[in-house]
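Chain by chain, the residues:
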Amino acid sequence: NGDDEHADVVFFKGVDKIITSEQKMELDSVFSVLTSLKISVKERVTALKRLEAVVERLSRQVSLQELGNMISPFSSCFTLQLSDGKVKVVAQTCLTIAKVSRCFKGSLHLLPLASHVIPALCYLTNATKLVVATSAKQCMSEILHSIHHHQVLRQVMSVGMGAKNPKV
């Protein structure tokens, strides 16, 4: 629908000066797939993998601040995909967040994304499906290795203290 397409343009407005039109189109395309749970699992997993590749390329091309601004709109997409309940989607989302986190190399520009997804990741560590709980734990671990900031640590501690899955 037209409103969703307009929202994508607004999200990535201003990046035209620092990335190619092909990269912007790729971000727009991935974003449109990840804003819905109605799209097939295969398409969403593929979109998450495409996002990893784009972010990795962009991390060598733009500043970490610019990268943080570009990835910020995906915070809600990640949270939505983490809520899906389908193991393939949740595990791939965790892997994608972890790989994106590595691109920030300890920069605080990862903080907005980390703050947004950590509550969902902490919740998933209580999942009865071990692969989901383990993926969430590994993702949080990668975020913590990628960003050393008291706000993230405090958030993990406050939310994560209730973790009840002894296998994780």
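Residues numbered from 1 in each chain as written. Predicted model: local features only at pLDDT ≥ 70, side-chain atom pairs only at ≥ 80, totals over all residues. Heavy atoms only, no water.

(A) Local environment of the overall build of the protein. Check the secondary structure of the protein and you find 9 helices and 0 strands. Starting at the N terminus and ending at the C terminus, the protein contains elements arranged as α-α-α-α-α-α-α-α-α. Within the span of the protein, comprising 168 residues, buried residues form 46% of the whole. Residue pairs at least 24 apart in sequence account for 70% of intrachain contacts in the protein once pairs closer than 6 positions are excluded. Put simply, the protein shows about 8,900 Å² of open surface, and 57% of that area lies on carbon and sulfur atoms. (Helix = DSSP H or I, 4+ residues; strand = E, 2+ residues; numbered from the N terminus. Buried < 20%, exposed > 50% of the residue type's maximum accessible area, 1.4 Å probe, protein only. Contact = heavy atoms within 4.5 Å. Areas by Shrake-Rupley, 256 points an atom, 1.4 Å probe, with all protein chains shown as cover.)

(B) Region of interest: the nonpolar core. Among the nonpolar cores identified, the biggest contains 43 residues, and Leu51, Phe74, Leu121 and Ile143 are the most heavily contacted of them. Elements that contribute at least two residues to this core include exactly α2 (21-34), α3 (41-59), α4 (64-71), α5 (74-82), α6 (87-103), α7 (111-124) and α8 (130-146). The element contributing the most residues to this core is α7, with 9 residues. (Core = buried A, V, L, I, M, F, W, Y, C linked by side-chain atoms within 4.5 Å.)

(C) View of the confidence of the model for the protein. When pLDDT is averaged along the protein, the result is 82; 77% of the residues meet or exceed 70. Every residue in residues 1-11 is under pLDDT 50, and counting partners more than four places away or in other chains gives 5 contacts. (pLDDT = per-residue confidence, 0-100.)

(D) Representation of the packing of α7 against α8. The interhelical angle for the contact between α7 and α8, taken along N-to-C directions, is 150°, at an axis separation of 8 Å. Between α7 and α8, the angle falls in the class roughly antiparallel. α8 is crossed by α7, and the crossing has left-handed handedness. Between α7 and α8, the residues in contact are Ala114, Val117, Ile118, Leu121, Cys122 and Leu124 and Val132, Ala133, Ala136, Cys139, Met140 and Ile143, respectively. Class assignment of the residues belonging to the contact of α7 with α8 gives a composition of 12 nonpolar, no polar and no charged. (Axes fitted to C-alpha atoms, helices over the stretch in contact; angles between N-to-C directions. Parallel < 35°, antiparallel > 145°, perpendicular 65-115°, else oblique. Left-handed = near helix turned anticlockwise from the far one by under 90°. Nonpolar A, V, L, I, M, F, W, Y, C, P; charged D, E, K, R; others polar.)

(E) Main features of the environment of Leu113. Looking at the secondary structure, you find Leu113 in helix α7. In this structure Leu113 comes out as buried when scored by relative accessible area, which is 3%. In this structure, the C-alpha to C-alpha distance between Leu113 and Phe74, residues 39 residues apart in sequence, is 8.1 Å. Apart from the residues lying within four places of it in its own chain, the contact partners of Leu113 are Ser75, Phe78 and Val100.

(F) A look at the side chain of Gln23. Residue position: Gln23 is located in helix α2. A relative accessible area of 11% means that Gln23 is categorised as buried. A polar contact is formed between the side chain of Gln23 and the side chain of Gln61, at a distance of 2.9 Å. Each residue touching Gln23, except ones within four places of it in the same chain, is listed here: Leu58 and Gln61. (Polar contact = N/O pair within 3.5 Å; in protein donor to acceptor, adjacent residues only side chain to side chain.)

(G) Local environment of the pattern of salt bridges. In this structure the tally under the stated criterion is 7 salt bridges. Put simply, Lys24 and Asp28 hold a salt bridge, and the shortest N to O gap is 2.8 Å. Taken together, the positions of Lys24 and Asp28, both in helix α2 and 4 residues apart, correspond to about one turn of that helix. In this structure, a network of salt bridges that share partners links the residues Arg44, Asp84 and Lys86. (Salt bridge = Lys/Arg side-chain N within 4 Å of Asp/Glu carboxyl O.)

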